[in-house]
Amino acid sequence: MATQGIFFDVDSDVIRPESGATLEEIGTMLQRHEQMRIAIEGHTDSQGADDYNLKLSERRAAAVVAFLVAEYGIEGDRLTSAGFGETVPATSNDTKEGRQQNRRVELVLLD
């Protein structure tokens, strides 16, 4: 499941306040389904250097994991994080709208 509802400051892994509703939905889902394990995957657009985008996406995915652990008490071993930078675009990076769609966090059900 891809989400466009988790926002970060530009060139940062700081989660923006307007991400609250989406994170609440994810946190509540994980609390209700105690056996559920998910991977949090970060993605970027193609602006910037490949290595920078990869590291930024990794930091952003890790920030989401840390938030869910701290704010919702989700056990850390139920969550993994990975960053893919710009390597798995959802759509073309040729337009502003396409780049916006490529800046996303995806949730992947494990097991």
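Calculation criteria
- Residues numbered from 1 in each chain as written.
- Predicted model: local features only at pLDDT ≥ 70, side-chain atom pairs only at ≥ 80, totals over all residues.
- Heavy atoms only, no water.
- Core = buried A, V, L, I, M, F, W, Y, C linked by side-chain atoms within 4.5 Å.
- Buried < 20%, exposed > 50% of the residue type's maximum accessible area, 1.4 Å probe, protein only.
- Helix = DSSP H or I, 4+ residues; strand = E, 2+ residues; numbered from the N terminus.
- Contact = heavy atoms within 4.5 Å.
- Phe/Tyr/Trp six-rings, centres within 6.5 Å; stacked < 30°, edge-to-face > 60°.
- Pairing = 2+ DSSP bridges.

**Remarks on the nonpolar core**
Part 1: Formed by 18 residues in total, the largest nonpolar core has its most connected members in Leu30, Ile38, Ile40 and Leu68.
Part 2: Elements with a minimum of two residues in this core: helix H1 (20-32), strand E2 (37-43), helix H2 (50-72) and strand E4 (104-110).
Part 3: Examining the composition of this core, we find that 6 residues originate from one element, H2, more than from any other.
Part 4: When neighbours within four sequence positions are excluded, leucine 30 is seen to be in contact with Met36, Ile38, Leu68, Ile74, Arg78 and Leu79.

**Thoughts on the packing of aromatic side chains**
Part 1: A complete count under the given rule lists 1 aromatic pair for this structure.
Part 2: Here the aromatic rings of phenylalanine 67 and tyrosine 72 are separated by 6.3 Å at their centres, their planes lie at 55°, and the arrangement is tilted.
Part 3: Residue classification places phenylalanine 67 among the partly exposed residues on the basis of a relative accessible area of 26%.

**Notes on the pairing of E2**
Part 1: In terms of burial, E2 is a largely internal element, 6 of the 7 residues being buried.
Part 2: Of the strand pairs in this sheet, E2 and E4 are connected by 7 bridges, and their pairing is antiparallel. Bridged to isoleucine 40 within E4 is leucine 107.
Part 3: The sheet contact formed by E2 and strand E3 (residues 79-83) spans 5 bridges and is parallel. In the sheet register, glutamate 41 faces E3, and the bridge partner there is alanine 82.

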